[in-house]
2 protein chains.
Amino acid sequence: MTLYQKLAKRLREHIQHDFYKQGDKLPSVRQLAQEHGVSISTVQEAYRQLEQDQLVEAKPKSGYFVCQRKKDNLPSVSRPPQRPLEVSQWEEVLNMLMNRGSTKGLQLQHAMPDMTSSTLKPLLKTLADLSKHKPELGLSYADIRGSEELRNQLCRLTVASGCQLHPDDLVITSGCQEALSVCIRAVSEPGDIVAIESPSFYGSMQAIKAANLKAMEIPTHPETGISLEALELALDQWPIKAIFVTPTCNNPMGYTMPEDRKEQLYKLAQSYDIAIIEDDVYGDISFQFPRPKTIKSFDTDGRVLLCSSFSKSVAPGLRVGWIAPGRYRDKVTHIKYVSSSMCPVFPQLAIAKFIRQGGYRKHIRQMRQNYEQQRDHLLQVIKAHFPSDTRVSFPDGSFILWVELNPSIDSIKLVERCRKVGVDFAPGPLFSATGKFRNGFRLNYSEQTMEKRENAIKTLAKIIREFHPETIAQKSL
Amino acid sequence: MTLYQKLAKRLREHIQHDFYKQGDKLPSVRQLAQEHGVSISTVQEAYRQLEQDQLVEAKPKSGYFVCQRKKDNLPSVSRPPQRPLEVSQWEEVLNMLMNRGSTKGLQLQHAMPDMTSSTLKPLLKTLADLSKHKPELGLSYADIRGSEELRNQLCRLTVASGCQLHPDDLVITSGCQEALSVCIRAVSEPGDIVAIESPSFYGSMQAIKAANLKAMEIPTHPETGISLEALELALDQWPIKAIFVTPTCNNPMGYTMPEDRKEQLYKLAQSYDIAIIEDDVYGDISFQFPRPKTIKSFDTDGRVLLCSSFSKSVAPGLRVGWIAPGRYRDKVTHIKYVSSSMCPVFPQLAIAKFIRQGGYRKHIRQMRQNYEQQRDHLLQVIKAHFPSDTRVSFPDGSFILWVELNPSIDSIKLVERCRKVGVDFAPGPLFSATGKFRNGFRLNYSEQTMEKRENAIKTLAKIIREFHPETIAQKSL
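Residues numbered from 1 in each chain as written. Chains lettered and ligands numbered in written order. Predicted model: local features only at pLDDT ≥ 70, side-chain atom pairs only at ≥ 80, totals over all residues. Heavy atoms only, no water.

Looking up chain A in an unreviewed UniProt entry gives the name PLP-dependent aminotransferase family protein, with the organism given as Marinomonas colpomeniae. If you open the UniProt record of chain A and go to Sequence similarities (unreviewed entry), you find "In the C-terminal section; belongs to the class-I pyridoxal-phosphate-dependent aminotransferase family." (UniProt positions renumbered as here; feature names shortened; annotations may be inferred.)

Following this line, the structure appears as structure tokens:
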């Protein structure tokens, strides 16, 4: 056992025996190093180990804290059908998308970031300046792979997630949706099977449908992500062409797959010689610091296609996304070109400057802090108002969480009823290829003030109780 | 024979016997009405007939003129392989796209409009104002079908091409490339066959390739477009799923299919019960006034998917395109959503205002006049400097034309040679699914001043002569 492992073991015991309680601040790195007579880096390695085990968390500029216990009432591990199936649910997705226009009511529905922060001002100023002073730049065709300036900055940015990329390794896209859609088409032929998490983001599932592929939903744990064991069984049984995952701040569950499991997933893909499409769109707003590594960071043979955008960390209206496509670069460039030719230049240049001048780092630091507070608040009001058999995910980042109600409650009926009173959320079946998770739904905690959100949750809770079997049983007495 | 037919016949004879010569102004409508004792509308109908026959052309605010004789040295009717084939040539297209970055040299290569006109000022001002005063509008998600304000204006605009559309009939896209790509995917299943013109736009052919379809190139006439006779034979022989055409200001040839042939094409599609994808991206910069009708204007059963954008009429960097998908609306909405989610809002709002306030009409009127002059100039310098066996198309609109050299000259070698001296153009094989048209190429006449263009053409001519068999024969003497 190495020094850091010994230290980690000792700290773990202290936490497990409640010497340090949930939420407690832990000793500083310097303090521990002195106390145990070890180097700073040994203590850092020990803390890193405990972070991976989700026992402690780092808060920027504050130090290390004992994690809140997450395991109370987490959603259950999913049990999807054990065969590849066509994706359905388009009507339901469209219904939700068409509902975007309505600005009335309390929106808990869309995965929309907070865009009111003053930390966005430098970006908005650059956009306005470009538009005013260099209008001709915004009119022409540009590099099909995207602005070189932005690709340079992305290479710097992705060092934080463990990547070493060259600007030529990147292709800029119109948001993450185009990135995912292009990658799905690049790694498969019509009729192929793609393995996905369950629940999974509806946008990627609909892209699988549009590419004439089948989705194989894999059981997924609300804390550790896609089950590697179930995935391996599926890989043995079916000619799966690619794995599509959102392993960091998962949509809709919010979990982050532990680093060692990310590496195992990569090795599994390697041993079956298939591609991984990694959606990292929420990765930069993880509450962990430094942010978690991507699967791409383990990629030695170019089989991981990393997709992201600034839609969740900054603003979706910018439509700036990107792909690090590894060995699939040529195919990805082709499909990106036919998909929508080149991307508008101004948002790319503005984001590049925002990163270069440090505004982006400042903005996401602020957002992480806000979202973490909002998460704790939402969890608290859910606990206070929802029926006691409700299960809720515990996001490690992002601004969305997943709720699982009593199995007899139908979220599609619930959403229809709630829409009438002006409360909107994303019903569970959107997140399944085959309309499962009828008793689940996704809530957003970025768009409202705490007060408005609390009111929305109270209204929602009241309606949930009407649908709850206990209430129905009482009524029938 | 009706009154207008009689009058048309008489005028036709005058033209054919050179009573009115090429380029001559014809009598005004009022004058002819008085002279022949017929109504104004009878004369208008007669002139419309002659326009269709391409004997006369209307110039805005000037009246009717005898057309320049186009039939001198037009390119030959194409003779593509008589079977469906996979699209190749991606390497060549990519090579050209990657060359976009270079701003040096004389660009005759890209289909880039003139963006220096002062008529664009109101649009640029709106863009700058939106960015400055309503930044929050540019940050959010928006209607998946595109801004309602823009869709409203498009309905007004498309009246000029004979369409009657409702805003709900439209889907906004990221440029015409996304429109074409989405439509191709919406009307076909992998493995299907799509009939196309020959030569044909490389962007649509590459979209056919990416959708795992085969292209059936149909012989195409340099004045009247896709051969309906050859198309019918192909429809009899192969299970063709859709017809993809650019019938108005064709890319790369510049012809406009006569109205009656457009209608016949529609009826052919009807009798074989297949879809037509109509690329109208150059339609608004036709030199005819009023602009030619679209095939969509004949569509009574929703089988025509009309695609366009403001990339050629205004500026490609705006990335504002659109689809009138007819009966394929739901499928098109699905594929557009998975392809790139919603489009950026500012360019949509700015274009909508530009149309509403009359700026767009003014701008394209100006562009039409400019491009027509530039065309005449380019044709003249080509005639003066290129070898006498050169054939050149005669565009009815747009800012591109097609050149066919002596069959022994290879445009790929030519383009490599010319690039070294800073002159760039689009080599012929890009416009064939299978790399035909080696002795053809496309030139743009929008981007340069007349002087620069003339210099570029002189340089090009000199190199062409080096490759010409006559020169080679002389050298070997």
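J.: Quick question: what am I supposed to make of the relation of the copies chain B and chain A here?
T.: What connects the two chain copies is a rotation about an axis and a shift along it. The transform that puts chain B on chain A rotates by 180° and translates by 0.0 Å along the axis, for an RMSD of 0.2 Å. Expressed as a symmetry operation, the mapping of one chain copy onto the other fits a two-fold axis. The position closest to the rotation axis in chain B is occupied by the C-alpha of A128 of chain B, lying 3.0 Å away. In this assembly the copies share their binding face: 100% of the residues contributing to the interface of chain B also contribute to that of chain A. (Least-squares fit on C-alpha atoms with pLDDT ≥ 70 in both. Contact = heavy atoms within 4.5 Å.)

J.: What is the right way to look at the pattern of salt bridges in this model?
T.: It is possible for side chains of opposite charge to pair when their charged atoms get near one another. Residue and element names in this part refer to chain A. Considering all chains together, one arrives at 46 salt bridges over all chains under this definition. The shortest N-O distance in the salt bridge between R356 and E149 comes to 2.5 Å. Taken together, the positions of R356 in helix α12 (residues 345-356) and E149 in helix α6 (residues 148-157) put the pair 207 residues apart, joining distant regions of the chain. We classify R356 as partly exposed; its relative accessible area is 39%. Salt bridges sharing partners connect three or more residues here, namely D143, R145, R151 and D168. (Salt bridge = Lys/Arg side-chain N within 4 Å of Asp/Glu carboxyl O. Helix = DSSP H or I, 4+ residues; strand = E, 2+ residues; numbered from the N terminus. Buried < 20%, exposed > 50% of the residue type's maximum accessible area, 1.4 Å probe, protein only.)

J.: Hey, could you run me through the side chain of S200 of chain B in this one?
T.: Residues and elements named next belong to chain B. The residue S200 is located in the loop between β5 (193-198) and α8 (202-210) in this model. At a separation of 3.4 Å, a polar atom in the side chain of S200 contacts the main-chain carbonyl oxygen of E197. For S200, the residues in contact, after removing those within four places along its chain, are M205, N251, P252, L430 and F431. (Polar contact = N/O pair within 3.5 Å; in protein donor to acceptor, adjacent residues only side chain to side chain.)

J.: Before we go on, may I ask you to explain the sheet that holds strand β12 (residues 391-392) of chain A in this structure?
T.: One key point about sheets: their strands pair by backbone hydrogen bonds, in either a parallel or an antiparallel sense. Residues and elements named next belong to chain A. Ordered by their spatial adjacency, 4 strands build an open sheet running β12-β13-β16-β15, and the pairing between neighbours is antiparallel. The sheet terminates laterally at β12 and β15 (426-427), the two strands that pair on one side only. Across 2 bridges, β15 lies against strand β16 (residues 440-444) in antiparallel orientation. The partner of A426 across the bridge, within β16, is R442. (Pairing = 2+ DSSP bridges.)

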